[in-house]
Amino acid sequence: MTAAPSSSLRERKKRRTRQALIDTALELFTRRGFGGVTLDELCEEVEVSKRTFFRTFTSKEDVAMAPDQDLWRAFLEELETADPGALPVVELGRDALLAALERMDDEGWARRMLLSRRLAERTPSMGAHGRQFCEATTQEALAILHRRFGLGGPGELRPRLAVDMLVAAFHGALASWVAQAEEADGAGGACEAGRTEPPTAEELAARLRQAVAALPGSLALTAAPGGDRG
């Protein structure tokens, strides 16, 4: 009769420890630089062993990119249960990603995401880790599309291109979202160290909708001599 409560308590403790590692890592990396913080120092700050750290994360890069990775893992879960209706694959993916964004309801997620992206821009190893994670996520999304909807047979490029377009739209939305925060920094509204709130997850969702809506126009865009476009 006590197994369930005990299990629930352990899970809550694991989630708290995981969140403490993420928050502390992003704070230390932002203040001292990614290379200026050792794994031993991070674990000491959170008061956990390296063994505990490696039960949850594979590396410093992994913990630093947790906000982004949490979003895409939620995306895969949403895609697994999505009702396709008659939606094109890109729009189906958009809706799954928007649903995943809604699940990032922790008020600190947007700030953590912003700190993570800023670190990634100046940390090559985080960029490499991110590319590996992106490819693994793409392959999982394609597997879901094939298993649930019969898409993506041998030699079929369209599902891959659809997922790639969704990822590109998200990256475009994310870049403009981060730029919004940078503009606030330039205007004296810096959001580092928690001084002001960063752009919200809802604002990122709005930019994602705009980016996906722009995809058909982007595909139809042509380049003509002299800069004329049609």
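Treat the numbers as computed from the prediction; the structure is a model and nothing was measured.

Of regular secondary structure, the chain possesses eleven helices and zero strands. Element order for the chain, N to C, with α for helix and β for strand: α-α-α-α-α-α-α-α-α-α-α. Among the 230 residues that make up the chain, the fraction classed as buried is 38%. A separation of at least 24 residues holds for 70% of the contacts in the chain among residues at least 6 apart in sequence. When the accessible surface of the chain is split by element, carbon and sulfur atoms take 53% of a total near 13,000 Å².

Right, let's talk about unusual backbone geometry for a bit. One non-glycine residue, glutamate 47, adopts positive backbone phi at about 65 degrees. Inspection of the secondary structure assignment puts glutamate 47 in the loop between α2 (39–46) and α3 (50–56).

Next up on the list: a positive patch on the surface. Where like charges cluster on the molecular surface, the positive patch consists of Arg12, Lys13, Arg15 and Arg16. By the element assignment, lysine 13 lies in helix α1 (residues 3–32).

A separate point is helix α7 (residues 109–121). For α7, which comprises 13 residues, the first-to-last C-alpha distance of 18 Å matches the rise-based estimate of 18 Å (1.5 Å per residue) to within 8%. In terms of burial, α7 is a largely internal element, ten of the 13 residues being buried.

This part is about the confidence of the model for the chain. Considering every residue of the chain, the mean pLDDT works out to 88; 87% of them sit at 70 or more. In this model residues 188–195 is a low-confidence stretch, pLDDT under 50, and it forms 19 contacts with partners more than four residues away in sequence or in other chains.

A few words now on the packing of aromatic side chains. For any pair of aromatic rings, the description consists of the separation of the ring centres together with the inter-plane angle of the planes. Tallying each qualifying case throughout the model produces five aromatic pairs. Summarising the aromatic geometry, the rings of phenylalanine 53 and phenylalanine 54 are spaced 5.2 Å apart at their centres and angled 90 degrees between planes, so their arrangement reads as edge-to-face. Accessibility expressed as a relative area gives 0% for phenylalanine 53, which makes it buried. Overall, phenylalanine 54 belongs to the partly exposed group, its relative accessible area being 42%. Both rings, one in tryptophan 72 and one in phenylalanine 170, keep their centres 5.3 Å apart while their planes meet at 90 degrees; by these two values the pair is edge-to-face. Residue tryptophan 72 is found in helix α5 (residues 66–81), and its partner phenylalanine 170 is found in helix α9 (residues 158–186); the two are separated by 98 residues along the sequence. Using a relative accessible area of 0% as the deciding quantity, one classes phenylalanine 170 as buried. Over the aromatic face of phenylalanine 34 sits the side chain of lysine 60, whose NZ or CZ is 4.5 Å from the ring centroid.

What follows covers the packing of helix α6 (residues 89–103) against helix α10 (residues 201–213). Where α6 contacts α10, the axes come no closer than 10 Å and their chain directions differ by 175 degrees. The orientation of α6 with respect to α10, classified from their angle, is roughly antiparallel. For the pair α6 and α10, contact is made by Val90, Arg94, Leu97, Leu98 and Leu101 and by Ala201, Leu204, Ala205, Leu208, Arg209 and Val212, respectively. The residue makeup of the contact of α6 with α10, split by class, is nine nonpolar, no polar and two charged.

Generally speaking, soluble globular proteins have nonpolar side chains that are buried together. Grouped together as the largest cluster of nonpolar side chains are 42 residues, with contacts concentrated most on Phe75, Trp109 and Phe170. Elements represented by at least two residues in this core include exactly α5, α6, α7, α8 (124–149), α9 and α10. Aside from chain neighbours lying at most four places away, what touches phenylalanine 75 is Gly93, Ala96, Leu97, Ala100, Ala141 and Leu166. Ranked by size, the runner-up nonpolar core spans 23 residues in total, among them Leu21, Ile22, Cys43 and Ala66.

On to the environment of arginine 147, then. You can see arginine 147 is positioned in helix α8. Measuring from C-alpha to C-alpha, the distance between arginine 147 and glutamate 80 comes to 9.5 Å, with 67 residues separating the pair along the chain. Side-chain polar atoms of arginine 147 contact the side chain of glutamate 80, separated by 2.4 Å.

Here the structure, examined in full by the defined rule, presents 15 salt bridges. Aspartate 70 is the salt-bridge partner of arginine 73, the closest N and O atoms lying 3.7 Å from each other. Of the two residues, arginine 73 and aspartate 70 are both situated in helix α5; the distance of three residues between them amounts to about one turn of the helix. A relative accessible area of 38% places arginine 73 in the partly exposed class. With a relative accessible area of 22%, aspartate 70 lands in the partly exposed category. Notably, a salt bridge pairs arginine 160 with aspartate 164, separated by 3.1 Å at the nearest N-O pair. Note that arginine 160 and aspartate 164 are positioned in helix α9 at a spacing of four residues, about one turn of the helix. Taking the relative accessible area as the measure of exposure, aspartate 164 reaches 30% and is therefore partly exposed. Linked through salt bridges whose partners overlap, the residues forming this network are Arg18, Asp70 and Arg73.

Parameters at a glance
- Residues numbered from 1 in each chain as written.
- Predicted model: local features only at pLDDT ≥ 70, side-chain atom pairs only at ≥ 80, totals over all residues.
- Heavy atoms only, no water.
- Helix = DSSP H or I, 4+ residues; strand = E, 2+ residues; numbered from the N terminus.
- Buried < 20%, exposed > 50% of the residue type's maximum accessible area, 1.4 Å probe, protein only.
- Contact = heavy atoms within 4.5 Å.
- Areas by Shrake-Rupley, 256 points an atom, 1.4 Å probe, with all protein chains shown as cover.
- Patch = residues over 30% accessible without salt bridge, like charges linked within 9 Å, V, L, I, M, F, W, Y side chains within 5 Å.
- Salt bridge = Lys/Arg side-chain N within 4 Å of Asp/Glu carboxyl O.
- Lys, Arg positive; Asp, Glu negative; His and termini not counted.
- Charge placed at Lys NZ, Arg CZ, Asp CG, Glu CD.
- Expected span 1.5 Å × (residues − 1).
- pLDDT = per-residue confidence, 0-100.
- Phe/Tyr/Trp six-rings, centres within 6.5 Å; stacked < 30°, edge-to-face > 60°.
- Lys NZ or Arg CZ within 6 Å of the ring centre and 35° of its normal.
- Axes fitted to C-alpha atoms, helices over the stretch in contact; angles between N-to-C directions.
- Parallel < 35°, antiparallel > 145°, perpendicular 65-115°, else oblique.
- Nonpolar A, V, L, I, M, F, W, Y, C, P; charged D, E, K, R; others polar.
- Core = buried A, V, L, I, M, F, W, Y, C linked by side-chain atoms within 4.5 Å.
- Polar contact = N/O pair within 3.5 Å; in protein donor to acceptor, adjacent residues only side chain to side chain.

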